[in-house]
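A closer look at the structure
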Amino acid sequence: MSTITDVAREAGVSVATVSRALRGLDRVSPTTRERVLKVATELDYVASPTATSLASGRNQVVGVVAPFLTRWFFATLVSAIEKTLRQHGHHVLLFDLEDDSFDRRLPLSQNMLWKRVDGVITLNLPMTEDELTLIDRLGLPLVAIGTPVPDRPNVRIDDALAMRVATEHLVSLGHERIAYVGAVPSNVAHIQTPQARLDAFHDVMREHGLAEHDQWILGSDWTADSAAADTHTLLASADRPTAIAAASDEMAIGAMAAARAQGLRIPQDLSVVGIDDHALSNVLGLTTVRQDVAAQGREAAEILLRSLGVDDVADGTATEVVVPTELVVRRSTAAPHRPLPAD
């Protein structure tokens, strides 16, 4: 197995320069860094993580904290974060705080973080005062994706605007009887995103003078299965909506499945719009408000790397990044079907 001395001799530099080039902590000219990396690759040299940690005082590991990992949104974020960190010699240590129920999560503890990570990225997760105190005591930089964390960098979309665009799209088509899928109890751990989207839906309906029905505001646990079950009951009623605004594409997909199971045509009998642009949305023809989830993961990872002093990250100073969204119209929305008047 090749050693760091072998790499230094072959590259024509000192061992210290090889160490700096491979760790990316100190200034090394691009030409020298490229030469060292090329030689290290050719010699199949792998630096000892333990030695690197002792020398730098860092683990080159970032803790990524998520309330769920079984959802497409969080899995996509984690993938983008890992790929970005990997390009700069860092990796992810994943903390899944999902509990046995939708409305609870596990706490972040010192045992999870101490001497294990150099920084933390939270995924749509409000932090408790105790958790923030712990982060500060350990001296860890933190970047939040989605739900903001006070006085920390944040990367997100405008959730209220996304739902406003989705609902306005239905209204512009002529829909007046619109249901909503995605309300959550007030004690749910990641409440901010659902609440912002629900509030925006209420605002649009009120601004257009459209009636709302309590029984048309559904929870659905933000899953396709739950949305399908809840929507089935809603659509079985004689008094049913002509359109559904779902707070996520997964719930929109569940609503579409329930409608089709009852013989309803989409969009002739029921229009459905979501938010996300899920991996399945295009093939299913779902109209949605697209958010670039991977871009949010990349932005957050780069902000954290810059806070750690990693010097080969693209320059940037922004600590509040709002990633734009856009309406993508597909086959699941159309003007409401109006029966012809009787002769």
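Calculation notes
- Residues numbered from 1 in each chain as written.
- Predicted model: local features only at pLDDT ≥ 70, side-chain atom pairs only at ≥ 80, totals over all residues.
- Heavy atoms only, no water.
- Pairing = 2+ DSSP bridges.
- Helix = DSSP H or I, 4+ residues; strand = E, 2+ residues; numbered from the N terminus.
- Axes fitted to C-alpha atoms, helices over the stretch in contact; angles between N-to-C directions.
- Contact = heavy atoms within 4.5 Å.
- Buried < 20%, exposed > 50% of the residue type's maximum accessible area, 1.4 Å probe, protein only.
- Left-handed = near helix turned anticlockwise from the far one by under 90°.
- Nonpolar A, V, L, I, M, F, W, Y, C, P; charged D, E, K, R; others polar.

1. Notes on the sheet that holds strand β11 (residues 320-322)
Within the open sheet, the six strands sit side by side as β2-β1-β3-β4-β5-β11. Their pairing is parallel. Only two strands of the sheet have a single partner each, and these edge strands are β2 (91-96) and β11. Direction aside, the axes of adjacent strands within the sheet are offset by 15° on average. Packing against the sheet, helix α13 (residues 293-307) makes contact with β1 (61-66), β3 (119-123), β4 (142-145), β5 (154-156) and β11, and its axis sits at approximately 170° to β4.

2. Regarding unusual backbone geometry
Glycine aside, residues mostly have negative phi, and peptide bonds are mostly found in the trans state. Residues Ile266 and Pro267 are joined by a peptide bond in cis, for which omega reads 10°. Position of Pro267 relative to the elements: it lies in the loop between α11 (249-261) and β9 (271-276). Even without glycine at this site, Trp222 takes up a positive phi of about 60°. On the secondary structure map, Trp222 appears in the loop between β7 (217-218) and α10 (224-236). Residue Asp277 is not a glycine yet carries a positive backbone phi of 70°.

3. Regarding the pairing of β3
Across the five residues that make up β3, a large majority, five, are buried. Covered by surrounding structure in β3 are Gly119, Ile121 and Leu123 together with Val120 and Thr122, the residues of both alternating faces. As paired elements, β1 and β3 share four bridges and run parallel to each other. For Val64, the partnering residue across the bridge sits in β3 and is Ile121. Across four bridges, the pairing between β3 and β4 is parallel. Across the sheet, Leu123 pairs through a bridge with Ile145, a residue of β4.

4. Focus on the packing of helix α8 (residues 159-172) against helix α9 (residues 192-207)
Each pair of packed helices can be described by the angle between their axes along with the distance between the axes. The N-to-C vectors of α8 and α9 enclose an angle of 35°; their axes lie 8 Å apart at closest approach. Here the hand of the crossing between α8 and α9 comes out right-handed. From α8, Asp159, Ala160, Met163, Arg164, Thr167, Glu168 and Val171 reach across to α9, where they touch Thr193, Ala196, Arg197, Ala200, Phe201, Asp203, Val204 and Glu207. For the contact of α8 with α9, the class distribution of residues is seven nonpolar, two polar and six charged.

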